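# Analysis of the macromolecular model
Read off the chains here:
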Amino acid sequence: MSVPTITLNDGVQIPQLGFGVWQVDAGTEAEEAVARALDAGYRHIDTAQMYGNEESVGKAIAKSGIARGELFVTTKLNNDRHGRQEAQKALDESLAKLGLDQVDLYLIHWPQPKRDAYVDTWRGFEEAKAAGKTRSIGVSNFQIPHLDRLAAETDTVPSVNQIEVHPDFGQAVLRAYHRDHGIATEAWSPLGQGGPLLQDGVVLALAEKYGRTPAQIVLRWHIQLGNIVFPKSVTPSRIVENFDVFGFELADDDVATLTGLDAGNRIGPDPDTFG
Ligand code: NAD
């Protein structure tokens, strides 16, 4: 099964579907989950310093024997490492843990606007990219005013903004901003963390209609909207299930019905105050 790629604003290609490892314990759990994901065909892994499992991700990658050029690896800067120099030191540490010379994408994990260091941090990201330590740079959990500030005060538009998105938290306004500014949307918690969304009557009815699981219906909605997703699971059957979303297509009106579930149900923290 081949996963479509999306071309980022710097020309780098990213597989639209990947594997997320938040809340996957470092050690055996993370190594096994990543190994299973690579086995199932995933070639894009989304980790972060904050997840504490970069070393395990790196071990699974090394053991897989898959050529580095076939993999897309993202990591993210920890909240306590903002700052132009500090961000680059933190990336060096992440690279050492991952056992890589370069990541494919490096993200500012949270803007922490009260700390007011994200613009300076972004300059460090531009330097890290120029030094070849990451192929692309982006942000996560940035709101429109934060993106506007980067545009006004720096030379580089982020390649992606990784934000919470699922059908009941659709982020229409922020996604439209991304579209207008050449920023790809990465949707975190694409399954709504496996909560009530996957029991929603509309989702269940579509699962029945297409002969697919609720998770596959929701992931397919993301794919058809153009979102980049990396669902997390440590359950072998779900790792396979979540990858199997390219053999069917939702009708436009069913995509619209799912989009209509938006109820502003944010699960995670508010980026304006977090960190
Ligand atoms: P998710 O929406 O991927 O949901 C994962 C949970 O859903 C699993 O723990 C499991 O309980 C359930 N699940 C998974 N597959 C299922 C299936 N097929 N059927 C039924 N239930 C299923 O949630 P997530 O882990 O929060 O998000 C995915 C990834 O996004 C993370 O692993 C991480 O890489 C990234 N993320 C980033 C941020 C950020 O601030 N940038 C925040 C949260 C998550």
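Numbering of residues starts from 1 in every chain and runs along the sequence as written. Under the rules for a predicted model, residues below a pLDDT of 70 receive no local features and side-chain atom pairs below 80 are neither given nor counted, while totals for whole chains, interfaces and linings still include all residues. Hydrogens and water are ignored here; the side-chain numbers use all heavy atoms of the structure.

Taking an unreviewed UniProt entry as the reference, the protein is identified by name as 2,5-diketo-D-gluconate reductase A belonging to Pseudonocardia oroxyli. UniProt positions are given in the numbering used here, feature names are shortened, and annotations may be inferred rather than shown by experiment. Entered under Sequence similarities (unreviewed entry) in the UniProt record, the comment concerning the protein runs "Belongs to the aldo/keto reductase family."

Runs of H or I in DSSP of at least four residues are treated as helices and runs of E of at least two as strands, each being numbered from the N terminus. Within the protein, the regular secondary structure consists of 10 helices and 10 strands. With the C-alpha coordinates aligned to their principal axes, the bounding extent of the protein is approximately 55 × 40 × 30 Å. Buried means the residue's accessible area, taken with a 1.4 Å probe over protein chains only, is under 20% of the maximum for its type, while exposed means over 50%, and partly exposed covers the values in between. By the burial criterion, 54% of the 275 residues in the protein qualify as buried. In what follows, a contact means two residues having at least one pair of non-hydrogen atoms within 4.5 Å. Counting contacts in the protein only where the partners sit at least 6 residues apart, residues at least 24 apart contribute 74% of the total. Surface accessibility of the protein: about 11,300 Å² in total, with carbon and sulfur atoms responsible for 48%. All accessibility values rest on the Shrake-Rupley procedure with a 1.4 Å probe; residue burial counts only the protein chains present in the view.

Taken from the UniProt record, the annotation "active site" (unreviewed entry) applies to Tyr51. Tracing the backbone shows Tyr51 in the loop between β4 (44-46) and α2 (54-64). The contacts of Tyr51, once residues within four sequence positions are left out, are Val21, Trp22, Asp46, Lys76 and His109.

Its identity as a non-glycine residue notwithstanding, Gln23 has a phi of 65°, on the positive side. One can find Gln23 in the loop between β3 (19-20) and α1 (28-40).

Moving on, we come to the packing of aromatic side chains. What counts as a ring pair is set by centres within 6.5 Å for rings of Phe, Tyr and Trp (its six-membered ring), and what kind of pair is set by the plane angle: stacked under 30 degrees, edge-to-face over 60, tilted for all other angles. Going through the model one piece at a time under the given rule, you end up with 8 aromatic pairs. Taking the centre distance of 5.4 Å and the plane angle of 65° together, the rings of Phe19 and Tyr42 count as edge-to-face. Here Phe19, found in strand β3, pairs with Tyr42, found in the loop between α1 and β4; they are 23 residues apart in sequence, far enough to count as distant. Judged by relative accessible area, which is 0%, Tyr42 ranks as buried. With 4.4 Å between their ring centres and 10° between their planes, Tyr106 and Phe125 make a pair best called stacked. Taken together, the residues Tyr106 in strand β6 (residues 103-108) and Phe125 in helix α4 (residues 118-130) connect sequence positions 19 residues apart.

The near set for a molecule or strand comprises every residue that places at least one heavy atom within 4 Å of it. Lining the immediate surroundings of the ligand are 26 residues, of which Asp46, Ser140, Ser189, Leu191 and Asn242 lie closest. Here a polar contact is taken to be a pair of N or O atoms separated by no more than 3.5 Å, where protein atoms must pair a possible hydrogen donor with a possible acceptor and residues adjacent in sequence count only if both atoms sit in side chains. Within the contact set of the ligand, a nitrogen atom lies 2.9 Å away from a side-chain nitrogen or oxygen of Ser140. The separation between a nitrogen atom of the ligand and a polar side-chain atom of Glu241 is 3.0 Å. Its free accessible area being 830 Å², the ligand has 89% of it covered by the protein chains. Element by element, the count of residues in the shell around the ligand is highest for helix α9 (residues 236-243), at 3 residues.

All right, on to the pattern of salt bridges then. A pairing counts as a salt bridge when a side-chain nitrogen of Lys or Arg comes within 4 Å of a carboxyl oxygen of Asp or Glu. Under the definition given, this model contains 15 salt bridges. Between Arg149 and Asp116 there is a salt bridge, with the nearest N and O atoms lying 2.7 Å from each other. Highlighted residues: Arg149 in helix α5 (residues 144-153) and Asp116 in the loop between β6 and α4, separated in sequence by 33 residues. Asp244 is paired through a salt bridge with Arg212; the nearest N and O atoms lie 3.4 Å apart. On the criterion of sequence distance, the pair formed by Asp244 in the loop between α9 and α10 (252-259) and Arg212 in the loop between α7 (201-210) and α8 (214-225) is long-range, its members being 32 residues apart. Relative accessible area serves as the criterion here: at 29%, Asp244 is assigned to the partly exposed category. Here the residues in one salt-bridge network are Arg81, Glu86, Lys89 and Glu93, joined through shared partners.

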